[in-house]
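Listed below are the residues making up each chain.
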Amino acid sequence: MKVNFDPEKTYAIALGGGGAKGSYEIGVWRALAEEGLKYNAVSGTSVGALNGALMAMHDLENGIELWSNIRFSRVMNVNDDIMGRLYEGQTSLGELYSILKSSWRLVKNGGFDVTPLRELLKEYIDPQAIAESDVDFTAVTYSITDKREVVVDFRQTPPDEICDMLLASAYFPAFKNVPLQGGKRYTDGGVTDALPVTPLLERGYKDIIAVRLKGGIGREKRIEPKEGVSVSYIEPKRALGGTLNFTAEQAKRNINLGYYDAKRFVYGYEGEYYYLVRTMDERRAYDELVRFMGAKDVTLRELHERVLPELAHKNGASGDYYDVLIHWLEHTGEALGIPEFRIMRDQDLVGEVREALKVRGIESAVSAGFLSNDR
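Residues numbered from 1 in each chain as written. Predicted model: local features only at pLDDT ≥ 70, side-chain atom pairs only at ≥ 80, totals over all residues. Heavy atoms only, no water.

> Would you mind going over unusual backbone geometry with me for this structure?
Across residues other than glycine, the phi torsion is negative in most instances, and most of the peptide bonds are trans. One non-glycine residue with positive phi stands out, namely S46, at about 60 degrees. The backbone of H58 shows a phi angle near 55 degrees, a positive value even though the residue is not glycine. By the element assignment, H58 lies in the loop between α2 (47–56) and α3 (60–68). The partly exposed category is assigned to H58, whose relative accessible area is 45%. (Helix = DSSP H or I, 4+ residues; strand = E, 2+ residues; numbered from the N terminus. Buried < 20%, exposed > 50% of the residue type's maximum accessible area, 1.4 Å probe, protein only.)

This is how it looks when you write it as structure tokens:
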């Protein structure tokens, strides 16, 4: 049953900023496209503006290709191998010294050279297609020169200025800032509006889906509820990696995460880590909890007064016994390495966790001390 998405409606989409985390937005777009999403407006900040340009072009295929092949050197003038090992904490002392020297030069020179990002925009963005798009596309940036927020309307922007204004929205503070159109300097739109719902509201859109990137920089404007206006949010429950972690491996994981999170948004799947179709009532969930906890190892009073409350507390469950079971299954399933990127029934996850515990010789979660696992 669909709970948050009406394929008969036409939506406006707000895409948040967050650098390399932006691959998540492509996964969301892919899932909503499969569900028949119709949209006539997109507002983006920073990386959300770059993804928004692709949405204005209706070019999902190139969006997936761009992010699936992303690497540090396609965004900044850096060495991919060294940056990758730096992120993984595998650099030698000699390399670390070299990186520190390079970092000092970066500071003196004003930041990372983003000439590669300019070239990436030229490769994937068709300014004429954006100028002629049926999508009302805007992006948020901040003019350092004028000391004010700027909402760029790409229908009113000359095609030869479009890539510059996309870059203006995505001018991360660590990037070397150079003057753009008209000799003005800009910085990342996240400093003023990290999730640009407001421009859509001001343009009269009433059905809005906003994609929030967890851990993105900047501030998010507070949205006051308005009659007749619906703003729904899609956001990850898990970390998306570093803001400058431009690696294909991280991007592909984030695309998967965005895809399945959007499916959860559409269909109301249970869980935060897994994507579960509910088939059990609370009584069945309670029976499964009793089996997992090994009731023969504890008295009923101990089970109800200590074990189950402790289980709920450690796993962050605040609802009924179904909620307690699902939270514990998710923590335990992740610790056991049970794959998450698929849609499954709750009872199937019960079976897979039980089998994984059995393989490890664990018959009772209580006696094994297997009550919770930190993510």
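Still more to cover.
> How do you make sense of empty space enclosed by the protein when you look at a structure like this?
Here the idea is plain: a probe the size of a water molecule rolls over the atoms and shows the empty space left. Summed over the entire model, instances satisfying the criterion amount to 2 cavities of 30 Å³ or more. Put simply, the largest cavity is a space of about 260 Å³. As for the largest cavity, its lining consists of 22 residues, and the residues nearest its centre are V47, L50, W67, L117 and F246. Of all the secondary structure elements, the ones that give two or more residues to the lining of the largest cavity are α2, α3 and α6 (115–124). Broken down by class, the residue content of the lining of the largest cavity amounts to 17 nonpolar, 4 polar and 1 charged. Around the second largest cavity, the lining residues are I13, L15, E25, V28, W29, L32, L37, M55 and V211. Going through the elements one at a time, β1 (10–15) and α1 (23–34) are the ones with two or more residues in the lining of the second largest cavity. For the lining of the second largest cavity, the element with the most residues is α1, which contributes 4 residues. (1 Å grid on protein atoms, 1.4 Å probe; cavity = no way out; pocket = protein on both sides within 12 Å on 5 of 7 lines; lining within 4 Å. Points joined across faces, edges and corners; volume = space filled by probe spheres on them. Nonpolar A, V, L, I, M, F, W, Y, C, P; charged D, E, K, R; others polar.)

> Whenever I open this one, the packing of aromatic side chains confuses me. Can you help?
Think of a pair of aromatic rings as described by two things: how far the centres are apart, and how the planes are tilted against each other in angle. Counted by the stated rule, this structure contains 10 aromatic pairs. Both rings, one in F137 and one in F154, keep their centres 4.5 Å apart while their planes meet at 10 degrees; by these two values the pair is stacked. Of this pair, F137 sits in strand β3 (residues 136–143) while F154 sits in the loop between β4 (148–153) and α8 (159–169), and the two are 17 residues apart along the sequence. Both residues of the pair, F137 and F154, count as buried. Taking 4.9 Å as the distance between ring centres and 55 degrees as the angle between the ring planes, the aromatic pair formed by F292 and W328 counts as tilted. With a gap of 36 residues between them, F292 in helix α11 (residues 282–293) and W328 in helix α13 (residues 321–335) connect regions that are remote in the sequence. By relative accessible area, which is 4% here, F292 ends up buried. (Phe/Tyr/Trp six-rings, centres within 6.5 Å; stacked < 30°, edge-to-face > 60°.)

> Sorry if this is basic, but what is going on with the pattern of salt bridges here?
When the charged atoms of two side chains lie near each other, side chains of opposite charge can form a pair. For the structure shown, the criterion picks out 26 salt bridges. R301 is paired through a salt bridge with E305; the nearest N and O atoms lie 3.1 Å apart. Here R301 pairs with E305, and both are found in helix α12 (residues 300–314), just 4 residues apart, close to one helical turn. The pair formed by R301 and E305 is uniform in burial state, with each residue classed as exposed. Notably, a salt bridge pairs R342 with E352, separated by 2.8 Å at the nearest N-O pair. Separated by 10 residues along the polypeptide, R342 in the loop between α13 and β9 (343–345) and E352 in helix α14 (residues 346–359) bring together distant segments of the chain. Given a relative accessible area of 30%, E352 falls into the partly exposed group. Several salt bridges share partner residues, and in doing so they unite R30, E34, E35 and K263 into one network. (Salt bridge = Lys/Arg side-chain N within 4 Å of Asp/Glu carboxyl O.)

> I keep staring at helix α10 (residues 248–267) and nothing clicks. Help me out?
Since the α-helix advances by 3.6 residues per turn, residues separated by three or four positions end up pointing in the same direction. Taking 1.5 Å of rise per residue, 20 residues should cover 28 Å, and α10 covers 29 Å from first to last C-alpha, within 8% of that figure. Judged by how many residues are buried, α10 sits mostly within the fold: 14 of 20 residues are covered. A positive phi of about 70 degrees marks G268, the residue just after α10. (Expected span 1.5 Å × (residues − 1).)

> Any chance you could explain the pairing of strand β6 (residues 207–211) here in plain terms?
Along any regular strand the residues' side chains alternate between the sheet's two faces. The buried fraction of β6 is high, at 4 of 5 residues. When β1 meets β6, the two strands line up parallel, connected through 4 bridges. Within the sheet, the bridge partner assigned to A14 lies in β6 and is A210. One ladder, built from 5 bridges, connects β6 with strand β7 (residues 230–234); its direction is parallel. By the bridge assignment, I209 is partnered in β7 with S232. (Pairing = 2+ DSSP bridges.)

> What am I meant to see in α13 here?
The end-to-end C-alpha separation of α13 is 21 Å, in line with the 21 Å expected for 15 residues at 1.5 Å each. The element α13 is largely enclosed, with a buried count of 11 among its 15 residues. The complete set of buried residues in α13 reads Y322, V324, L325, I326, H327, W328, L329, E330, H331, T332 and G333. The N-terminus of α13 is capped by D320, whose side-chain oxygen sits 3.0 Å from the backbone nitrogen of Y322. Positioned one or two residues after α13, G337 has a phi angle of 80 degrees, which is positive. (Polar contact = N/O pair within 3.5 Å; in protein donor to acceptor, adjacent residues only side chain to side chain.)

> Mind showing me how you'd approach the side chain of D136 here?
For D136, the location among the structural elements is in strand β3. Of note is the side chain of D136, whose polar atom sits 2.9 Å from the side chain of R203. Of note is the side chain of D136, whose polar atom sits 2.8 Å from the side chain of Y205. Setting aside anything within four residues of it in sequence, one finds D136 in contact with N40, A41, V42, D153, R155, R203 and Y205. (Contact = heavy atoms within 4.5 Å.)

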